[in-house]
Protein chains: 4
Amino acid sequence: MTPFKPRHDDFEATVRDSFSRGAILHVLETEMSRCEPGFIELRQPITPVTLQHHGYVHGGVVSTLMDIVGGHAAQTLIGAGDSVLTVEFKINMLAPGEGDHLRAEGHVIRPGKNITVCRMDLYASKDGEETLICIGQGTYMRMAGVSDAKMFAERAGGK
Amino acid sequence: MTPFKPRHDDFEATVRDSFSRGAILHVLETEMSRCEPGFIELRQPITPVTLQHHGYVHGGVVSTLMDIVGGHAAQTLIGAGDSVLTVEFKINMLAPGEGDHLRAEGHVIRPGKNITVCRMDLYASKDGEETLICIGQGTYMRMAGVSDAKMFAERAGGK
Amino acid sequence: MTPFKPRHDDFEATVRDSFSRGAILHVLETEMSRCEPGFIELRQPITPVTLQHHGYVHGGVVSTLMDIVGGHAAQTLIGAGDSVLTVEFKINMLAPGEGDHLRAEGHVIRPGKNITVCRMDLYASKDGEETLICIGQGTYMRMAGVSDAKMFAERAGGK
Amino acid sequence: MTPFKPRHDDFEATVRDSFSRGAILHVLETEMSRCEPGFIELRQPITPVTLQHHGYVHGGVVSTLMDIVGGHAAQTLIGAGDSVLTVEFKINMLAPGEGDHLRAEGHVIRPGKNITVCRMDLYASKDGEETLICIGQGTYMRMAGVSDAKMFAERAGGK
């Protein structure tokens, strides 16, 4: 387990609820395989829609996974009524992504009252062997008193 | 026009050919509206599939556009038989994306023999008014003698 | 002039006061040549202490200038009783720095209540001709109610 | 020990020779405490010249250490006749630096023929307790056939 202590008991339900609202993730078939205080793991199959023009995993899919795995890791350590915004992130592409599926890890390095900093790693798995294909570092901001569920309801209702 | 001189006359056809091979862009309905030496402009509608759980444009869509607009800007200045890989990029999210469509700009800042550095900007347009929602900076590497068309043919043939 | 409006009339005096407190800048002989709302320009001579082992300007000098020019640009747009902290920044080295002096520009791209995002450029000047040697992008946070002068006085008094 | 294998037996002497040529490091009193394949550790005292206007370690000192610890880590894995250039790096400031001394770690994450990617960590030590104050990620390029010693000799002779 991680050394971090969540601020409320239902952190996992809150994080999984936010995760489930992202429409693009349904296109990509991404699953949240682990959700712990300060740590998230995502998995997704490498399907035709995820490939770029060279036949490798598209950089946009890579960056999408890196961003959300960092953001949800940050989200595991905030209050029940808060949400998380991406301030910025940076990623290095290390190797082309190919194989059966992808596995992303998001680690909180420094949880803050308002600013949380994470490191992210992305692996491609081929025939049971993993290759590290991307590493990143990102900054996430807590939006106090703006839960995802509340914002979603307001915007859905306003349309 | 930009101050840059392309290395071959068919640079636009080469760039547009690469752009057309990205399957994820068909999902997003992205179009390349301008292709000049050292400069690319992309446009895409804000559709339901591009939204995240708050109802704004998904960070993954933002990062996808930032990466490809920078990569294709770099590609406008390389040789006919070469291709471009993303080494790394960094983006700052400035405002939530909402409105009718997105417009991305990729600018080559320093073209190099092997390493090209770009700056990227992303605007969201609502009722005819644009808001800058993301800025980025990225590093792209030339793959000498590995054209996109050639690599695509080889991989397609090998399956 | 820039399009930004400062929050108080003495912004320039506040920024120059903070700038003057950095001991490392006395070693480097850095000067603040322009201070406008949302914009800072720094200049410094290329002296032996600024060189690395290849005889070019040291990367550490480059990154120091990039960070402070961005931070002070952000500082031009905050309140009189506030100060600025660097959250993060990213820089690309474009060319080796050589010549007579360096000139750095810091531009606020998005001023925020708490988070300000800047772009930074660094030029080396040789025989009157400038070369862009580094570009960067950084995130700065406002520390409400913690002025530099006050913090300086408290810490100096506490020792 | 690290899992990496150096390309030549004298890698440590080569790295330490390059390190010793940086004039700014003499001002900062930085020492290379460990030099292993793919790993570098630097240490330096927190002295008055390293402080900024708040009385904490200057961001420029922090970024200088981050850059060189990453660059020298990359250098441990290249050929005897090669040298290393910083392509870019990104750092997050996690906490103000205060105490007795600083300790920086540079880790190669992916060594490449031409491009090496590193992660860097910086700790401040106070009364025997370490605090992580900065994390970073950087990209370094091999300059084939341009050793530091050779370039230094040529430039020194040309003046």
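Here, every reference points to the structure presented above.
About the cut-offs
Residues numbered from 1 in each chain as written. Chains lettered and ligands numbered in written order. Predicted model: local features only at pLDDT ≥ 70, side-chain atom pairs only at ≥ 80, totals over all residues. Heavy atoms only, no water. Least-squares fit on C-alpha atoms with pLDDT ≥ 70 in both. Contact = heavy atoms within 4.5 Å. Buried area = accessible area lost by both parts, 1.4 Å probe. Polar contact = N/O pair within 3.5 Å; in protein donor to acceptor, adjacent residues only side chain to side chain. Helix = DSSP H or I, 4+ residues; strand = E, 2+ residues; numbered from the N terminus. Pairing = 2+ DSSP bridges. Axes fitted to C-alpha atoms, helices over the stretch in contact; angles between N-to-C directions. Salt bridge = Lys/Arg side-chain N within 4 Å of Asp/Glu carboxyl O. Buried < 20%, exposed > 50% of the residue type's maximum accessible area, 1.4 Å probe, protein only. Nonpolar A, V, L, I, M, F, W, Y, C, P; charged D, E, K, R; others polar.

Asker: An account of the relation of the copies chain D and chain B is requested, with residue identities and associated values reported.
Answerer: The transform that puts chain D on chain B rotates by 180° and translates by 0.0 Å along the axis, for an RMSD of 0.0 Å. The superposition of one copy onto the other is thereby described by a two-fold rotation axis. Ranked by how close their C-alpha atoms come to the rotation axis, the residues of chain D are headed by Lys 90 of chain D, at 4.2 Å. A shared binding surface is used by both copies, with 100% of the interface residues of chain D retained as interface residues in chain B.

Asker: Explain the interface of chain D and chain B residue by residue, including any values.
Answerer: Between chain D and chain B, the contact holds five residues from the first and five residues from the second. Regarding the contact of chain D and chain B, the summed buried area is about 420 Å², with carbon and sulfur atoms giving 82% of it. For the chain D face of the interface with chain B, the top three residues by lost area are Val 87, Glu 88 and Ile 115 of chain D, together amounting to 60%. Counting across the interface, chain D meets chain B through zero residue pairs in polar contact (both at pLDDT 80 or more). At the level of elements, strand E3 (83-93) and strand E6 (129-143) of chain D are the ones that each hand at least two residues to the side of chain D that touches chain B.

Asker: Describe the sheet that holds strand E6 (residues 129-143) of chain B, with residues and values.
Answerer: A sheet is described by the order of its strands in space; here twelve strands give the open sequence E1(A)-E2(A)-E4(A)-E5(A)-E6(A)-E3(A)-E3(B)-E6(B)-E5(B)-E4(B)-E2(B)-E1(B), paired in antiparallel fashion. Across the chains shown, the open sheet's two edge strands, defined by having one partner strand only, are strand E1 (31-36) of chain A together with strand E1 (31-36) of chain B. If you compare each strand with its neighbour and ignore which way they point, the axes differ by 20° on average. Inspection of the sheet shows strand E4 (residues 101-110) of chain B paired to strand E5 (residues 115-126) of chain B by nine bridges, in the antiparallel sense. Counterpart to Glu 105 of chain B in the pairing with E5 of chain B is Asp 121 of chain B. Sheet strands touched by helix H3 (residues 59-75) of chain A: E1, strand E2 (39-45), strand E3 (83-93), strand E4 (101-110), strand E5 (115-126) and strand E6 (129-143) of chain A together with strand E3 (83-93) of chain B. Its angle to E5 of chain A, the strand with the most contacts, is close to 135°.

Asker: Go over the pairing of E6 of chain A, please, and point to the residues and values.
Answerer: All names here are of chain A. Strand direction decides the pairing type here: E3 and E6, joined by ten bridges, are antiparallel. The residue bridging Val 84 from the neighbouring strand is Arg 142, located in E6. Sheet analysis places E5 next to E6, joined by twelve bridges and oriented antiparallel. Residue pairing in the sheet places Asp 121 in a bridge with Ile 135 of E6. Here E5 folds back onto E6, and the loop between the two strands holds two residues, one of which, Asp 127, carries a positive phi near 50°.

Asker: Tell me what's going on with the pattern of salt bridges, and back it up with residues and numbers.
Answerer: Using the criterion set out here, one finds 48 salt bridges over all chains in the structure. We note a salt bridge from Glu 12 of chain C to Arg 16 of chain C, for which the minimum N-O separation is 2.9 Å. Of this pair, Glu 12 of chain C and Arg 16 of chain C both sit in helix H1 (residues 11-20), separated by four residues, roughly a single helical turn. On the basis of relative accessible area, Glu 12 of chain C is assigned to the partly exposed category, the value being 32%. We note a salt bridge from Lys 90 of chain C to Glu 88 of chain D, for which the minimum N-O separation is 2.8 Å.

Asker: With reference to specific residues and values, describe the side chain of Asn 92 of chain A.
Answerer: Looking at the element boundaries, Asn 92 of chain A is found in strand E3. In terms of polar contacts, Asn 92 of chain A uses its side chain to reach the side chain of Gln 137 of chain D, at 3.0 Å. Within the structure, the side chain of Asn 92 of chain A is placed 2.9 Å from the side chain of Thr 139 of chain D, a separation counted as a polar contact. Once residues within four sequence positions are removed from consideration, Asn 92 of chain A is found in contact with Ile 133, Cys 134 and Ile 135 of chain A, Val 87 and Glu 88 of chain B together with Glu 88, Val 117, Gln 137 and Thr 139 of chain D.

Asker: Which residues make up the interface of chain C and chain D, and what values do they have?
Answerer: By a widespread convention, an interface's size corresponds to the accessible area lost as its parts come together. Taken residue by residue, the interface counts 38 residues in chain C and 38 residues in chain D. When chain C packs against chain D, the two sides together hide about 3100 Å² of surface, and 57% of this comes from carbon and sulfur. For the pair chain C and chain D, the number of links is two salt bridges. Across the contact surface, chain C and chain D share nine residue pairs in polar contact (both at pLDDT 80 or more). Mapped by element, the contributors of at least two residues to the side of chain C that touches chain D are helix H2 (23-28), helix H3 (59-75), strand E3 (83-93) and helix H4 (148-158) of chain C. Per-element tally for the side of chain C that touches chain D: the top contributor is E3 of chain C, with nine residues. Its residues placed into classes, the side of chain C that touches chain D shows 16 nonpolar, 14 polar and eight charged.

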